[in-house]
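Coordinates in review
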Amino acid sequence: MQFLSRRPFGARRLVFLGLLVSQSLVLYLVESLIPLSFAVPGAKLGLSNIIGLSTLLLFGIGDAFLVTLMRITISSLFWGGMSVFLFSICGGMLSLFAMHALKSAFKEKIGIPGLSVAGAVFHNIGQLMAAAVVIENLRIIYYLPMLLLAAVPTGILVGICTHFMTMHIRKIYGGRLSDK
Amino acid sequence: MKRTDIYIIAAVLLLSAAGIYAVKSMQQDKQAKHVIISVDGEIHNDIMVENGTVKKLEVKTEYGSNIIYIHDGGAEVIDADCRDLICKETGFISKTGQTIVCLPHKLVVTISAESESGGDADAVSQ
């Protein structure tokens, strides 16, 4: 757990991370109201990743990890259960660390849409791997190509939203985001 | 949008196109086939299906129940008590290799060219 920052939680940062967790929970609820699986069974918009990616860009991997972990824990406590927690945590964490790895590898050369599409792709891969373990059947991998296809438009949409979100948060809070 | 982004998106599109092509080329339309229903990795039903076979069966397990309707040389899940009903939305399958998954119930329905019960192909096929 080297990436978890040792900075103390100041009030400003704590409040801001709490706000991000609650926003991602609301987005998770909104997303469940938008059916997308008529086109691809099991496809989702991935709106929660707006918050995951924004936190990664604004605060770094440590806080993004905490926000994603809290979001998944709370949402599965409310609406899912143990199996939903397992799928979400595999997808969410793989996606987060893939985006972090790409961001560290390409630095300024990679933009938000690329990160978000990659995040969507790895979210699908993580969830399908968890599902293959749960149902003990590798056949579920057949769903992957269609889900990858769906990941492109949804990832770009999430990328655009993240662009505006980070832009405005930076504009409003500027350098006051971290408790330095 | 930067150049790396475009490369990533192009790579994902290419991979998914290749994957869809590969999955499609594995699917064949056969006269006689088996509808294999497995729950939790264990085979629950193995039904020999020809064009005329019509059958409705309810698969009830500790996870929940799915109603599977076999007709026109294929199968579909017509009702289930799971939370997302993705199995129902997947629709009708009839080609070998096609799969319906009901994740909450750990249920998988596949079409196979031959029987999959046990190790050898001709063990149970009545």
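Conventions and cut-offs
Residues numbered from 1 in each chain as written. Chains lettered and ligands numbered in written order. Predicted model: local features only at pLDDT ≥ 70, side-chain atom pairs only at ≥ 80, totals over all residues. Domains from an automatic or database assignment. Contact = placed C-beta atoms within 7 Å. Nonpolar A, V, L, I, M, F, W, Y, C, P; charged D, E, K, R; others polar. Core = buried A, V, L, I, M, F, W, Y, C linked by C-beta atoms within 7 Å. Buried ≥ 20, exposed ≤ 12 C-beta atoms within 10 Å, placed from the backbone. Helix = DSSP H or I, 4+ residues; strand = E, 2+ residues; numbered from the N terminus. Pairing = 2+ DSSP bridges. Axes fitted to C-alpha atoms, helices over the stretch in contact; angles between N-to-C directions. Expected span 1.5 Å × (residues − 1).

All names here are of chain B. The assigned domain composition of chain B is domain 1 (1-29) and domain 2 (31-112). Between the C-alpha centres of domain 1 and domain 2 there is a distance of 28 Å. The partner domain 2 presents four residues to the four residues of domain 1 that form the contact. Its residues assigned to classes, the side of domain 1 that touches domain 2 comprises one nonpolar, two polar and one charged.

Ranked by size, the top nonpolar core spans 67 residues in total, and within it Val-117, Val-121, Leu-147 and Ala-151 of chain A together with Val-101 and Val-109 of chain B carry the most contacts. The dominant element in this core, judged by the number of residues it contributes, is helix H5 (residues 112-135) of chain A, at 12 residues. Formed jointly, this core draws a minimum of three residues from each of two domains, domain 1 (1-29) and domain 2 (31-112) of chain B. When near neighbours in sequence (up to four residues on either side) are disregarded, Ala-151 of chain A contacts Val-117, Ala-120, Val-121 and Asn-124 of chain A together with Val-12 of chain B.

Moving on: the sheet that holds strand S3 (residues 55-61) of chain B. Across a sheet, strands are paired by hydrogen bonds formed along the backbone, either parallel or antiparallel in direction. All names here are of chain B. Here we have three strands laid out as an open sheet, ordered S3-S4-S5, and antiparallel in their pairing. For this open sheet the edge positions go to S3 and strand S5 (74-80), each flanked by a neighbour on one side alone. In this sheet, adjacent strand axes meet at a mean angle of 25° when their direction is disregarded. As paired elements, S3 and strand S4 (residues 64-71) share seven bridges and run antiparallel to each other.

With that settled, the discussion passes to helix H4 (residues 82-106) of chain A. Residues and elements named next belong to chain A. Counted at 1.5 Å a residue, the expected span for H4 with its 25 residues is 36 Å, and the 36 Å between its end C-alpha atoms agrees. Taken together, the buried positions of H4 are Phe-87, Ser-88, Cys-90, Gly-91, Gly-92, Leu-94, Ser-95, Leu-96, Met-99 and Lys-103. For H4, the secondary structure elements touched by its buried residues are helix H2 (48-59), helix H3 (61-79) and H5. Phi for Lys-107, located one or two positions after H4, is positive at around 50°.

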